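Okay, here's what each chain looks like letter by letter:
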Amino acid sequence: MTLSVFSDVLRMQRPVRPSVGRTWRQCVTGVLMVLSMGSVARAQSTAGELVGLVYPVADIQFGVPVAGVVQQLLVKPGQVVREGQALLELDSQSQRLELQRRALVAKDSSELEATRDRLKLLDEMLQLTEVVASRSQSVSKDELAKQRLERMSTHGRLQQLQAQKSREQVELQLAQTELAQRTVRAPRSGMVVDVVIEPGEWAKPGDPLFRLVDTALVELRLNVPQSVARGLRVGQRMGARFESGAAPFQAEGVVHYLSPLADTASGLVDLRLRFANSKGLIRPGAKGSLITASAASAPALGRKP
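Residues numbered from 1 in each chain as written. Predicted model: local features only at pLDDT ≥ 70, side-chain atom pairs only at ≥ 80, totals over all residues. Heavy atoms only, no water.

1. A closer look at the overall build of the protein chain
The cut-off we apply is this: Helix and strand assignments come from DSSP, with helices taken as H or I runs of at least 4 residues and strands as E runs of at least 2, each series counted from the N terminus. Each residue is placed in one exposure class: buried if its accessible area under a 1.4 Å probe, protein chains only, is under 20% of its type's maximum, exposed if it is over 50%, and partly exposed if it falls in between. In this description, contact between two residues means that some pair of their heavy atoms is separated by no more than 4.5 Å. Note on areas: Shrake-Rupley with a 1.4 Å probe; residue coverage comes only from the protein chains shown.
Across its full length, the protein chain carries six helices and twelve strands. A burial count over the protein chain gives 29% of its 305 residues as buried. Across the protein chain, every contact between residues at least 6 apart in sequence was considered, and the portion connecting residues at least 24 apart equals 74%. When the accessible surface of the protein chain is totalled, it reaches about 20,300 Å², and 55% of it is carbon and sulfur.

2. Focus on the pairing of strand β6 (residues 190-195)
Keep this limit in mind: The criterion for strand pairing is that DSSP finds at least two bridges linking the strands in question.
When strand β3 (residues 80-81) meets β6, the two strands line up antiparallel, connected through two bridges. Along β6, the bridge assignment pairs Val 81 with Gly 190. Pairing of β6 with strand β8 (residues 210-224), which is carried by four bridges, proceeds in the antiparallel orientation. The partner of Val 192 across the bridge, within β8, is Leu 212.

3. So, the side chain of Glu 219
As a reminder of what qualifies: The term polar contact refers here to a pair of N or O atoms within 3.5 Å; inside protein, the definition further demands a hydrogen-donor-capable atom paired with an acceptor-capable atom, and it admits residues adjacent in sequence only when both atoms are side-chain atoms.
Topologically, Glu 219 is positioned in strand β8. Overall, Glu 219 belongs to the buried group, its relative accessible area being 4%. In this structure the side chain of Glu 219 is engaged in a polar contact, spanning 3.1 Å, whose partner is the side chain of Arg 274. Filtering out sequence-adjacent residues up to four positions away, Glu 219 remains in contact with Leu 53, Val 54, Tyr 55, Val 57, His 256, Arg 272, Leu 273 and Arg 274.

4. Some points on the pattern of salt bridges
As a reminder of what qualifies: What makes a salt bridge here is a side-chain nitrogen of Lys or Arg within 4 Å of a carboxyl oxygen of Asp or Glu, nothing more.
For the structure on display, the rule yields 16 salt bridges. A salt bridge links Arg 188 to Asp 214; its shortest N-O distance comes to 3.1 Å. Taken together, the residues span a long stretch of sequence, with Arg 188 in the loop between β5 (183-185) and β6 and Asp 214 in strand β8 at a distance of 26 residues. With a relative accessible area of 35%, Arg 188 lands in the partly exposed category. A relative accessible area of 18% places Asp 214 in the buried class. A salt bridge links Asp 270 to Arg 272, with the nearest nitrogen and oxygen atoms 3.3 Å apart. Three or more residues are tied together by salt bridges with common partners; here these are Glu 98, Arg 101, Arg 102 and Glu 171.

5. Examining the sheet that holds β5
The four strands lie next to each other as β5-β4-β2-β7, forming an open sheet whose pairing is antiparallel. Here the strands that pair on one side only, and so sit at the sheet edges, are β5 and β7 (202-203). For strand β4 (residues 86-90) and β5, the ladder comprises three bridges, and the chain directions are antiparallel. Pairing of Leu 88 across the sheet is with Val 184, part of β5.

6. Here we look at the nonpolar core
Our working rule: We define the nonpolar core as a collection of buried residues of types Ala, Val, Leu, Ile, Met, Phe, Trp, Tyr and Cys that are connected through side-chain atoms lying within 4.5 Å of one another.
The biggest cluster of nonpolar side chains holds 21 residues, and the ones touching the most others in it are Phe 242, Leu 271 and Phe 275. Taken together, the elements giving at least two residues each to this core come down to β1 (49-62), β8, β9 (237-242), β10 (249-262) and β11 (269-276). Those residues in contact with Leu 271, other than ones at most four positions away along the chain, are Leu 220, Arg 221, Leu 222, Val 224, Leu 232, Val 255, Tyr 257, Leu 258 and Leu 290. Among the nonpolar cores identified, the runner-up in size contains 18 residues, and Leu 90, Val 195, Ala 203 and Phe 210 belong to it.

7. Examining the packing of helix α3 (residues 93-107) against helix α5 (residues 141-180)
Note the cut-off: Note on definitions: angles span 0 to 180 degrees between N-to-C directions of axes, and those axes are lines fitted to C-alpha atoms, for helices only across the stretch in contact. Orientation is classified from the angle alone, with under 35 degrees giving roughly parallel, over 145 giving roughly antiparallel, 65 to 115 giving roughly perpendicular, and any other angle giving oblique. The crossing is said to be left-handed when, going from far helix to near helix, the turn is anticlockwise and less than a right angle, and right-handed when the turn is clockwise. Gly counts as polar in this scheme, as do all residues outside two lists: the nonpolar Ala, Val, Leu, Ile, Met, Phe, Trp, Tyr, Cys and Pro, and the charged Asp, Glu, Lys and Arg.
Here α3 crosses α5 at 160°, and the two axes come no closer than 9 Å. By the angle between their axes, α3 is roughly antiparallel relative to α5. When the axes of α3 and α5 are compared, the crossing they make is left-handed. Together, Gln 95, Arg 96, Leu 99, Arg 102, Ala 103, Val 105 and Ala 106 of α3 and Lys 165, Glu 168, Gln 169, Glu 171, Leu 172, Ala 175, Gln 176, Glu 178 and Leu 179 of α5 make up the contact between the two elements. In terms of residue class, the contact of α3 with α5 is made up of seven nonpolar, three polar and six charged.

8. Overview of a nonpolar patch on the surface
We count it as follows: Each patch is assembled from residues with relative accessible area greater than 30% and no salt bridge, linking like charges that lie within 9 Å and nonpolar side chains (Val, Leu, Ile, Met, Phe, Trp, Tyr) that lie within 5 Å.
A grouping of Val 80, Met 191 and Val 193 is seen on the molecular surface, where their side chains present a nonpolar patch of about 240 Å² in accessible area. Topologically, Val 80 is positioned in strand β3.

Now the structure itself:
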């Protein structure tokens, strides 16, 4: 037997070791299979839930109706305000003086009263003159015509003064409105979450200076498949699960809006539910899950919008 043949025989009798690369690939494959099974299990555990985001129904930004220098800032972020509460005051010294001037002008009715009294006397004199003229020839036609003309002129002046007083009242109301516009008031009740102006700065219309949010009524907005949308209607009560600091909880809301159209790209339908949130437990910006099957077990609050 030659040396090469002997070597071949020895290799055939030596036990074969599995390669390190093949063993590593088998381990990785096993790990991936375990992770895949876990993902499937998690997906199955969340089946029946459609996730959306919570929005406040009232979330408004507003500023000043007229331009001016901020004289006083009356609120700060995080403060709860009521409808009509003053939030900011602009410098209003000139407007206050104009209002006083308009009030004095509108109050002065001396000329109007004098003209009214003069017209009353002219009416009496004209009646006497007409009686005398009808009984005798002691009053000339020129004198009678002169009295009639003076009476007509005084009556016309009285009408002018009455119209002038009406205009002065309107101008007084305009001055009051201009002064009221120097104070920015809350358009509704809620919480001030943002203020972007400081006293002494110039404010002009169109710039959002305040953000006011009312979380007493919140809205869960989400997109649902058409198969789910077909079974829903506006006014229908539905349950949803919301994230919380400690543990998720359930609440009952009402379908407020269901779009008649489906998205052309995804085929999903816009759905919006409203929930009463007087205690502020549902935080806008958090996630909410619409429960379409008994897949979740969280404590229910039973709130009604």
